[in-house]
Amino acid sequence: MLDGKKSLFSGMQATGTLHLGNYLGALKNWVTLEDEYQCFYSVVDMHSMTIRQNPAELRRKARALLTLYIAAGLNPEKNCIYYQSHVPAHAELSWVLSCFTYMGELNRMTQYKDKAAKHADNINAGLFTYPVLMAADILLFQSDVVPVGSDQKQHLEIARDIAERFNGIYGDVFTIPEPYIGKAGARIMSLQDPTKKMSKSDENPNASIYLMDDPDTIIRKFKRAITDSDNEIRYSEDKPGISNLIDIYTAVTGKTIEETEKEFASAGYGDFKIAVGEAVANMLKPIQDRYQELTQDKAYIDKVIKENAEKAGYYANKTLRKVHKKIGFPERIR
Ligand code: TYM
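Basis of the calculations
Residues numbered from 1 in each chain as written. Predicted model: local features only at pLDDT ≥ 70, side-chain atom pairs only at ≥ 80, totals over all residues. Heavy atoms only, no water. Helix = DSSP H or I, 4+ residues; strand = E, 2+ residues; numbered from the N terminus. Rg over C-alpha atoms; globule rule 2.2 N^0.38 Å. Buried < 20%, exposed > 50% of the residue type's maximum accessible area, 1.4 Å probe, protein only. Contact = heavy atoms within 4.5 Å. Areas by Shrake-Rupley, 256 points an atom, 1.4 Å probe, with all protein chains shown as cover. Lys, Arg positive; Asp, Glu negative; His and termini not counted. Charge placed at Lys NZ, Arg CZ, Asp CG, Glu CD. Near = heavy atom within 4 Å. Polar contact = N/O pair within 3.5 Å; in protein donor to acceptor, adjacent residues only side chain to side chain. Nonpolar A, V, L, I, M, F, W, Y, C, P; charged D, E, K, R; others polar. Pairing = 2+ DSSP bridges. Right-handed = clockwise from strand over helix to strand, strands pointing away. Expected span 1.5 Å × (residues − 1). Bend = angle between axes of the 7 residues up to and from the residue. Axes fitted to C-alpha atoms, helices over the stretch in contact; angles between N-to-C directions. Parallel < 35°, antiparallel > 145°, perpendicular 65-115°, else oblique. Left-handed = near helix turned anticlockwise from the far one by under 90°. Salt bridge = Lys/Arg side-chain N within 4 Å of Asp/Glu carboxyl O.

K.L.:
Hey, could you run me through the overall build of the protein in this one?
P.N.:
A tally of helices and strands in the protein yields 13 helices and 5 strands. The C-alpha atoms of the protein give 21 Å as radius of gyration, which agrees with the globular expectation for 334 residues (20 Å, within 12%). For the protein, the spread of C-alpha atoms along the principal axes amounts to about 75 × 45 × 40 Å. Evaluated residue by residue, the protein yields a buried proportion of 53% over its 334 residues. Within the protein, contacts between residues at least 6 apart in sequence are counted, and of these 76% link residues at least 24 apart. As displayed, the protein offers around 16,000 Å² of accessible surface, 51% of which is attributable to carbon and sulfur atoms. Each charge class in the protein was averaged separately, 43 positive and 44 negative side chains, and the resulting centres sit 5 Å apart.

K.L.:
What should I look at first to understand the site of the ligand in this one?
P.N.:
Within the structure, the ligand sits among 28 residues, and Y130, D137, D151, I188 and K200 are positioned closest to it. In this structure, Y130 approaches the ligand through a side-chain N or O atom, which is 2.6 Å from a nitrogen atom. At 2.7 Å from a nitrogen atom of the ligand is found a side-chain nitrogen or oxygen belonging to D137. Against a free-state accessible area of 700 Å², the protein chains account for coverage of 96% of the ligand. If you list the elements that add at least two residues to the shell around the ligand, you get β1 (7-12), α1 (20-30) and α7 (125-140). Considering only residue class, the shell around the ligand consists of 12 nonpolar, 11 polar and 5 charged.

K.L.:
Honestly, the pairing of β1 in this entry has me stumped. Any pointers?
P.N.:
A regular strand places its side chains on the two faces of the sheet in alternate fashion. Counting buried positions along β1 yields 5 of 6 residues, so the element is predominantly enclosed. With 6 bridges connecting them, β1 and strand β2 (residues 38-43) associate as parallel partners. Paired with G11 across the strands is S42, a residue of β2. What joins β1 to β2 is α1, and the crossover it makes is right-handed.

K.L.:
Sorry, what's going on with the pairing of β2 here?
P.N.:
With 6 of 6 residues buried, β2 lies mostly within the body of the structure. Across the two faces of β2 the burial is the same, with Q38, F40 and S42 and C39, Y41 and V43 all buried. As paired elements, β2 and strand β3 (residues 79-83) share 5 bridges and run parallel to each other. Paired with S42 across the two strands is Y82, which belongs to β3.

K.L.:
Help me understand helix α12 (residues 269-296) in this model?
P.N.:
Between its first and last C-alpha, α12 extends 40 Å over 28 residues, near the 40 Å set by a 1.5 Å rise per residue. Taking the largest bend as the criterion, α12 deviates by roughly 30°, centred on L284, and proline P286 comes between one and four positions later.

K.L.:
Teacher, can you tell me more about the packing of α7 against helix α8 (residues 153-170) here?
P.N.:
Each pair of packed helices gets described by two things: the angle between the helix axes and the distance between those axes. Remark: α7 packs on α8, axes separated minimally by 9 Å, with the N-to-C direction vectors making an angle of 70°. Looking at the two axes, α7 sits roughly perpendicular to α8. In this structure, α7 meets α8 at a crossing whose hand is right-handed. Mapping the contact onto sequence places Y130, P131, M134, A135, I138 and L139 in α7 and H155, L156, I158, A159, I162 and A163 in α8.

K.L.:
Would you mind showing me how to read α1 here?
P.N.:
For the α-helix, the turn length of 3.6 residues means that residues three or four positions removed from each other point alike. For α1, a buried count of 10 out of 11 residues is recorded, marking the element as mostly surrounded by other parts of the structure. What α1 keeps buried is the set L20, G21, N22, Y23, L24, G25, A26, L27, N29 and W30.

K.L.:
Help me understand the pattern of salt bridges in this model?
P.N.:
Pairing is possible between side chains of opposite charge, provided their charged atoms come close. Scanning all chains against the criterion turns up 21 salt bridges. One salt bridge connects R234 with E232, and the closest N-O pair in it is separated by 3.3 Å. The exposure class assigned to E232 is partly exposed, which follows from its relative accessible area of 40%. Bridged by salt links that share partners, the residues E34, D35 and K78 form one connected network.

K.L.:
Sorry if this is basic, but what is going on with the side chain of T319 here?
P.N.:
Of note, T319 is situated in helix α13 (residues 298-327). Take T319: its relative accessible area is 4%, and that puts it in the buried class. Discounting residues that sit within four places of it in the chain, T319 has contacts with L139, L140, Q142 and F174.

Structure representation (structure tokens):
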């Protein structure tokens, strides 16, 4: 809650290229929340440091992601869109919260275990304390909800635990956040291995639909999607490939699973794959067009970056000051 209105925070990493899972699991829901909530959406460049980055590339990708937020429909007048690194309060609160987080809690995080296994040569402390920074992101803005895909659920649980622990000692400082996970599209799987989630770090480009893929590429990738060998379009645990395509189709069109099964009752996999591909391509086309337009308007994007960082900083510092006072840091002399 901020200024009497419910609030929320969410963010995405600027590493890799945004894919359909990021869009359907998160971004697509974000654009529906601006009236009900005071919204903060960050390009979480500080989180990206847990893996080695090429500096020029990181800067370019961060700007592309921020532009894409707007292209996807987030109005920067109503949604605070900013770079995490422009608001130092994230790092400051993260330090305080790390003193209220146990090693054992962080050790249980599945994302940490996965990433540590994947980057065995660089298991840095930041990778381990990543969920604390995430908790700081969320709690700085007194978030009531956090709209994310289901893979972030465990991180939200630890954010809640940290907030409750802190409140238990110091009184009601933080709002306890709830996850906001959409009904459809919360976990989009790889097109090449439907038992794995679609991921930015997947090396096989056919496994993911990228938001900037052109229609031919999108349809070709769907045609190649791995499915089982029978030809029935039915949602079922033992048919992960087709179930994933049904999930995508329902998330894009707003139809239910039953409606989708009925619509394609007499179709084969080939036709269904093309229909899913077309629906996705049609959904992405206006976003891609708007993105191209926005990249031409440097002054506008710069203005958003500056003004929204100031706005985010204002609210973040308000919470941070409250925390500093509660824990006993000396008051500043003005
Ligand atoms: P990131 O950048 O990995 O993903 C951004 C958002 O996309 C969702 N997502 C998916 N949804 C459905 N299917 C998929 N295959 C899929 N893959 C990703 C994620 O759930 C997420 O909502 N740690 C976060 C970023 C972050 C954050 C935060 C999020 C930092 N601080 C505070 C919420 C609140 C991350 O790496 O997301």
